[in-house]
Amino acid sequence: MESIGVLMACPMNSYLEQQLEKRFKLYRFWTVPDKSSFLASHKDSIQAVVGNAGAGADAELIEALPKLEIVASFSVGLDKIDLAKCKEKGIRVTNTPDVLTEDVADLAIGLMLAVLRKLCESDRYVRSGKWKRGDYVLTTKFTGKKVGIIGLGRIGMAIAKRAEAFSCPISYYSRTEKPEIKYKYYPSVVELAAHCDILVVACPLTKETHHIINREVIDAMGPKGVLINIGRGPHVDEPELVSALVERRLGGAGLDVFENEPYVPEELFGLDNVVLLPHVGSGTVETRQAMADLVIGNLEAHFQKKPLLTPVV
Amino acid sequence: MESIGVLMACPMNPYLEQELHKRFTLHRFWKVPDKSTFLTTHCNSIRAVVGNASAGADAQLIEALPKLEIVASFSVGLDKIDLAKCKEKGIRVTNTPDVLTEDVADLAIGLMLAVLRKLCESDRYVRSGKWKKGNYMLTTKFTGKRVGIIGLGRIGMAIAKRAEAFSCPISYHSRTEKTETKYKYYPSVVELAANCDILVVACSLTEETRHIVNRKVIDALGAKGVLINIGRGPHVDEPELVSALVERRIGGAGLDVFEHEPEVPEELFGLDNVVLLPHVGSGTVETRKAMADLVLGNLEAHFLNKPLLTPVV
């Protein structure tokens, strides 16, 4: 398979890069000085693209690669791939579901605890020597807080299961109600926001869910509400969120994703009611290895004409 | 009851102070310039002492207060009270169990997530602008890690319940095996440490449990092991822990308590595998109010000759 050209969209994982290089002819798109010349010279040899949450395969790239057969994403999110165009051209698409569910759910709970109990702030307080001058402020209890989840897929359900162990009543919003589930359903995000203490974004990013957290939802959450975003930055109207936090119209936020990563609005840096993480949702050694193996497994299956492991299209 | 003298050992809660001041003659011990003279002058009017995790009623104080009838602690821990002396003199002792169980258990899980997923470190990474130069390192998955609990009382059980939601296998050590629980029992702390990934201290501090986490236990926990202390500082041989962390003989630690609060060993400040909190285990608005009400309720019950709410002695 060493003659099969695989285009890696951006740096994502050294182990994955190594393995792709061993098995295929790997092209590292980010090291190419002139991308259009490169595509013009190599278009007949590239049969696969490997993308992630940062970069994938948009319509332009797909059109430039007439021999493209498969796009394997090193992520579960598919928002960087033009799925319609892939379907149209018979290009297969795979992602990395399940293997990262637990890590992302763990992080969501970690963010909730970190925001409500001000873990990062109080760790800073100790390291700065301030504890010698006085005790830290009182924070707010996590157990029993109402958790509202937008999107009750694999990740949403895993978050719910964990939050239930803290006696958190669970409610949710999704495109359709899930009658088999005992959690309370709200038919709109605004109603969900008005009835919970902690609102979590756990749905895929699509045209419909872009800015699903907008001014109206933020207002419904209120000055004690806490937003947790482990989805995608564009799920949230970021300028609205920032002004709500700065003006204390919103109680707090735990954010793992931002609209223009790695840029994070600096107005947030001075706030003590936010926790800001550099998109580490699935960022553990164990999970990234499992994700890489899934990407490689899908590519091998495709080129050996076997059934794909985790196909989306 | 305004003539009843109540001695408050140290500052602990403004609401509690206010309420005690309203109902009794409150003496604030920390404001007294000459403590022995004060005790000599007031020894016949002080009938109650209110203590907490930092200061309570030792043998010396008890001997100095011949009219002392009750010691009400604003804590569940009793290590600052000479229980034997209280028993000997027929002095009642109360604490604040149950109302703080959930907050302390929440904090234990928060510390586990913060240490394993380096939440505080990655929040610092974002705020320092480093994310613009590269992604944060990979951390280690929390779900499925083996959690070993020293002390399976109210708090230990609450921690176990939460950790189970993250599919963590639970094991424990306590003075006697608890046959009614399904968790795996280890007859010694060293064996427990050798067989878990995250070791949590959740037992009371007594003569027997002082330095229960010592060099031997730290060695058994090993280079990937993580220690979580939400008990009392003296549960851990602190110098041994610090050198193990600095020399990377242990994987990490999440500490809410220290041997000489508010002093924290500064060698820990430069480490990225520790989370240091200023004894905030029960430090939420909701819980401290409930604890204060329990202290007041116990004192009132005693002086009205009614049954105590949460007696220990």
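What counts, and where the lines are drawn
- Residues numbered from 1 in each chain as written.
- Chains lettered and ligands numbered in written order.
- Predicted model: local features only at pLDDT ≥ 70, side-chain atom pairs only at ≥ 80, totals over all residues.
- Heavy atoms only, no water.
- UniProt positions renumbered as here; feature names shortened; annotations may be inferred.
- Helix = DSSP H or I, 4+ residues; strand = E, 2+ residues; numbered from the N terminus.
- Rg over C-alpha atoms; globule rule 2.2 N^0.38 Å.
- Contact = heavy atoms within 4.5 Å.
- Areas by Shrake-Rupley, 256 points an atom, 1.4 Å probe, with all protein chains shown as cover.
- Lys, Arg positive; Asp, Glu negative; His and termini not counted.
- Charge placed at Lys NZ, Arg CZ, Asp CG, Glu CD.
- Buried < 20%, exposed > 50% of the residue type's maximum accessible area, 1.4 Å probe, protein only.
- Pairing = 2+ DSSP bridges.
- Right-handed = clockwise from strand over helix to strand, strands pointing away.
- Domains from an automatic or database assignment.
- Buried area = accessible area lost by both parts, 1.4 Å probe.
- Axes fitted to C-alpha atoms, helices over the stretch in contact; angles between N-to-C directions.
- Parallel < 35°, antiparallel > 145°, perpendicular 65-115°, else oblique.
- Left-handed = near helix turned anticlockwise from the far one by under 90°.

Within an unreviewed UniProt entry, the label attached to chain B reads Hydroxyphenylpyruvate reductase, and the organism entered is Hibiscus sabdariffa. UniProt lists a comment for chain B under the heading Sequence similarities (unreviewed entry), and it reads "Belongs to the D-isomer specific 2-hydroxyacid dehydrogenase family."

With an unreviewed UniProt entry as reference, chain A is termed Hydroxyphenylpyruvate reductase, source organism Hibiscus sabdariffa. Taken from UniProt, the Sequence similarities (unreviewed entry) comment for chain A reads in full: "Belongs to the D-isomer specific 2-hydroxyacid dehydrogenase family."

With that out of the way, let us pick up the overall build of chain B. Counting its secondary structure elements, chain B contains 11 helices and 12 strands. Relative to the globule expectation of 20 Å for 313 residues, the C-alpha radius of gyration of chain B, 21 Å, shows essentially globular dimensions. Once the C-alpha set of chain B is aligned to its principal axes, its extents read approximately 65 × 50 × 30 Å. Within chain B, contacts between residues at least 6 apart in sequence are counted, and of these 58% link residues at least 24 apart. Summed over its atoms, the accessible surface of chain B is roughly 12800 Å², and 51% of this surface lies on carbon and sulfur atoms. When the 39 positive and 38 negative side-chain charges of chain B are each reduced to one mean point, those points stand 4 Å apart.

Here we take up the side chain of aspartate 106 of chain A. Of note, aspartate 106 of chain A is situated in helix α5 (residues 101-116). The exposure class of aspartate 106 of chain A is buried, given its relative accessible area of 0%. In this structure, aspartate 106 of chain A is in contact with Arg162 of chain A together with Leu113, Arg117, Phe142, Thr143 and Phe166 of chain B, ignoring residues within four places of it in sequence.

We now examine the pairing of strand β1 (residues 5-8) of chain B. Residue and element names in this part refer to chain B. Residues Gly5 and Leu7 of β1 are buried on one face, and the alternating residues Val6 and Met8, pointing to the opposite face, are buried as well. Note: β1 against strand β2 (residues 25-28), 4 bridges, orientation parallel. Bridge pairing links glycine 5 to threonine 25 in β2. Regarding topology, helix α1 (residues 14-23) serves as the crossover connection from β1 to the parallel β2, and that connection is right-handed. Note that β1 and strand β3 (residues 46-51) share 4 bridges and pair parallel. Across the sheet, the residue bridging to methionine 8 is valine 50, located in β3.

Moving on to the domain arrangement of chain B. All names here are of chain B. Looking at the assigned domains, one finds that chain B contains domain 1 (5-96 + 286-303) and domain 2 (101-276). Taking only C-alpha atoms into account, the centre of domain 1 sits 32 Å from that of domain 2. Across the boundary between the two partners, domain 1 contributes 6 residues, which contact 5 residues of domain 2. Here domain 1 and domain 2 share an interface that buries about 410 Å² over both sides, 47% of which is from carbon and sulfur atoms. Looking only at domain 1, the three residues that lose the most surface to domain 2 are Val76, Asp79 and Thr287, adding up to 75% of its buried area.

Let's shift gears to the packing of α5 of chain A against helix α7 (residues 154-164) of chain A. Residue and element names in this part refer to chain A. The N-to-C vectors of α5 and α7 enclose an angle of 50 degrees; their axes lie 9 Å apart at closest approach. Judged on the interaxial angle alone, α7 and α5 are oblique. Handedness of the crossing formed by α5 with α7: right-handed. Of α7, the residues touching α5 (which contributes Thr101, Glu102, Val104, Ala105, Asp106, Ala108, Ile109 and Met112) are Arg154, Ile155, Ala158, Ile159, Arg162 and Ala163.

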